[in-house]
Amino acid sequence: MAIALVAGVAATAAAQPGGPPAPSAPVPASAASRDTARTTGRDSRGDGPTAHALPLFPLRVRWTTDLDGPPSATLATDGTRVFVPLTTGGVIAVTAETGALLWKADVSTTVVPAVADGRVYVVGGDALQALDAATGRAVWRAPLATAMSAPVVARSGWVIGALDTGEIVAWRGDDGTEVWRQKIGAPVVAAPAINGERLYLPGSDGLVRALRIDTGAAIWTTSLGGSVVTIAPLGTRVYVGSTDNYFYCLDDEKGRVRWRWRAGADPVGAAIADDERVYFSSLDTIVRALDRGHGAQRWRQPLPWRPRTGPLRVGNTLVTAGIALDLRGYAMDTGKPAGEFALTENRLEVLEGLPVVIARATLPGDYLVAAIADGRLVALEHAFGLPAKPLTDIPGEKVAITPPS
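Residues numbered from 1 in each chain as written. Predicted model: local features only at pLDDT ≥ 70, side-chain atom pairs only at ≥ 80, totals over all residues. Heavy atoms only, no water.

Caption draft 1: Fine view of the overall build of the protein chain. From N to C terminus, the protein chain includes 2 helices and 33 strands. Among the 405 residues that make up the protein chain, the fraction classed as buried is 59%. For the protein chain, the exposed surface amounts to about 15100 Å²; the carbon and sulfur share of it is 52%. (Helix = DSSP H or I, 4+ residues; strand = E, 2+ residues; numbered from the N terminus. Buried < 20%, exposed > 50% of the residue type's maximum accessible area, 1.4 Å probe, protein only. Areas by Shrake-Rupley, 256 points an atom, 1.4 Å probe, with all protein chains shown as cover.)

Caption draft 2: Looking closely at the pairing of strand 6 (residues 101-105). Here 4 bridges tie strand 5 (residues 91-95) to strand 6, and the two strands are oriented antiparallel to one another. Note that in strand 6 the partner of Val94 across the bridge is Leu101. Between strand 5 and strand 6, which pair antiparallel and follow one another directly, the connecting turn spans 5 residues, one of which, Gly99, has a positive phi of 85 degrees. (Pairing = 2+ DSSP bridges.)

Caption draft 3: Just the pattern of salt bridges, in detail. Inspection of every chain in the model, using the stated rule, returns 19 salt bridges. Among the charged side chains, a salt-bridge network with shared partners connects Arg60, Arg62, Glu97, Arg360 and Glu381. (Salt bridge = Lys/Arg side-chain N within 4 Å of Asp/Glu carboxyl O.)

Caption draft 4: Spatial organisation of the environment of Gly375. Topologically, Gly375 is positioned in the loop between strand 32 (367-372) and strand 33 (376-382). The class for Gly375 is buried, based on a relative accessible area of 4%. The sequence separation of Gly375 and Gly69 amounts to 306 residues, and the corresponding C-alpha distance is 4.9 Å. For Gly375, the residues in contact, after removing those within four places along its chain, are Thr65, Asp66, Leu67, Gly69 and Pro70. (Contact = heavy atoms within 4.5 Å.)

Caption draft 5: Representation of the sheet that holds strand 33 within the structure. Reading across from one edge, 2-33-32-31 is the order of the 4 strands in this open sheet, with antiparallel pairing throughout. Two strands close off the open sheet at either side, each with one partner strand: strand 2 (59-66) and strand 31 (356-358). On average, each strand axis in the sheet is inclined to that of its neighbour by 25 degrees, with strand direction left out of account. (Axes fitted to C-alpha atoms, helices over the stretch in contact; angles between N-to-C directions.)

Caption draft 6: Examining the sheet that holds strand 13 (residues 167-172) more closely. Across the sheet, which stays open at both edges, the 4 strands sit in the order 11-12-13-14 with antiparallel pairing between neighbours. With one partner strand each, in any of the chains shown, strand 11 (153-155) and strand 14 (178-183) form the two edges of the open sheet. The mean angle between the axes of side-by-side strands here comes to 15 degrees, regardless of whether they run parallel or antiparallel.

Caption draft 7: Unusual backbone geometry, seen in detail. In this model, Phe57 is joined to Pro58 through a cis peptide bond whose omega is 0 degrees. Residue placement: Pro58 occurs in the loop between helix 2 (37-40) and strand 2. Unlike most non-glycine residues, Thr285 shows phi in positive territory, near 60 degrees. Following the sequence through the fold, Thr285 ends up in the loop between strand 24 (277-282) and strand 25 (286-291).

Caption draft 8: Structural detail: the environment of Thr334. Within the element layout of this structure, Thr334 appears in the loop between strand 29 (327-330) and strand 30 (337-341). Among the residues examined, Thr334 registers a relative accessible area of 36% and is labelled partly exposed. It is 8.5 Å that separates the C-alpha atoms of Thr334 and Trp299, two residues lying 35 residues apart in sequence.

Caption draft 9: Focus on the side chain of Arg172. Relative to the elements of secondary structure, Arg172 occurs in strand 13. Not counting residues up to four positions away in its chain, the partners in contact with Arg172 are Trp140, Gly157, Thr177, Val179, Pro404 and Ser405.

Caption draft 10: Highlighting the confidence of the model for the protein chain. Here the protein chain shows a mean pLDDT of 81. Residues at 70 or above account for 78%. In the predicted structure, residues 385-394 sits below a pLDDT of 50 and forms 27 contacts with residues beyond four places in sequence or in another chain. (pLDDT = per-residue confidence, 0-100.)

Caption draft 11: Spotlight on the packing of aromatic side chains. By the definition in use, this model includes 8 aromatic pairs. Taking 6.0 Å as the distance between ring centres and 35 degrees as the angle between the ring planes, the aromatic pair formed by Phe83 and Trp103 counts as tilted. Placement of Phe83 in strand 4 (residues 81-85) and of Trp103 in strand 6 is noted, with a sequence separation of 20 residues between them. Trp103 matches Phe83 in its accessibility class, with the two residues each being buried. Judged by centre distance (4.1 Å) and plane angle (0 degrees), the rings of Phe247 and Phe280 are stacked. Here Phe247 is found in strand 21 (residues 246-251), whereas its partner Phe280 is found in strand 24, with 33 residues between them in sequence. (Phe/Tyr/Trp six-rings, centres within 6.5 Å; stacked < 30°, edge-to-face > 60°.)

Caption draft 12: Molecular detail of the side chain of Thr222. Summarising the element assignment, Thr222 is placed in strand 18 (residues 218-223). At 2.5 Å, the side chain of Thr222 forms a polar contact with the backbone oxygen of Gly255. In this structure, Thr222 is in contact with Gly206, Leu207, Val208, Leu250, Lys254, Gly255, Arg256 and Val257, ignoring residues within four places of it in sequence. (Polar contact = N/O pair within 3.5 Å; in protein donor to acceptor, adjacent residues only side chain to side chain.)

Next comes the structure, spelled out in structure tokens:
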């Protein structure tokens, strides 16, 4: 089903607590380094800082690009290029600055690509393929004996895949060598997450597992009340959505539940966070903002449609994806409407998931690239701007991890 974009933030409400040789041993991340989330000012999706962030509205079209066909999966970006899997076959890359075509690779997929370290990792057919992000040239190919149960994730030289047999496989990003393989009790049903020296797995059996990224050895396991459908490690907390309609905050040290919030329906998509709040969408058509530390609800915004993904932030505007007649924005700090934008006379139809955010520390600030149902890419940016601060580190993410050797 085609979906459209609407930007949304939340409004005030009451709180409810509730293979080959292993790589060298990692340097443990200190508690202090994990707590940089409270001072860095960026979130888990690479969005800009809360302080000094530019608004998304009013909007103007930066560029449009015609495609051979609609996308077959959610877009991906490395901040310089936008990668688009096509229903007509192949993956293309366009420049984020102008939308000009850079290359096309003959590999088809219906899974969002993973992008890291100058590579684009694509699950196509019976193999995982690594493409050079600048040229689209095939770098390596790893055969798959079975299908993936969740999107591949990649970071700092690691590529992690979850197979529908319940196996987790870690490849070396440079050459595709399998580093380790670990069998867990149930398939992973949402994208895993890498943070520092740890890998987090959301399981269909209601278990959240934290593993060592270098060996796959278990660190802790926590049982929740339903299948784990979203996961986002941020700082010393791991935020998790479950099919028991709860949004959980776990302590990263041992996986203990610190608090939980009951939504009217299942959370959907990954949460994001800024210095003070964590934001998540749920199928009761609401986006919520909770205090990162103790879970008190700070904002609550009803949506006019059922969200299909988690939120993202563009400047100081929170954006989610659903069905609507136009693109609407709300200020993150107040919840007041920030503007609306109709891309066509009828509706803005985004085929799959969220658009991607291109982070930019110069005027007019961060902007969106969205895929339209008629086979176009559209970049939407703020029509005017104010001085922007240089981008800083992502809050809560431990960026330095030991690469595979």
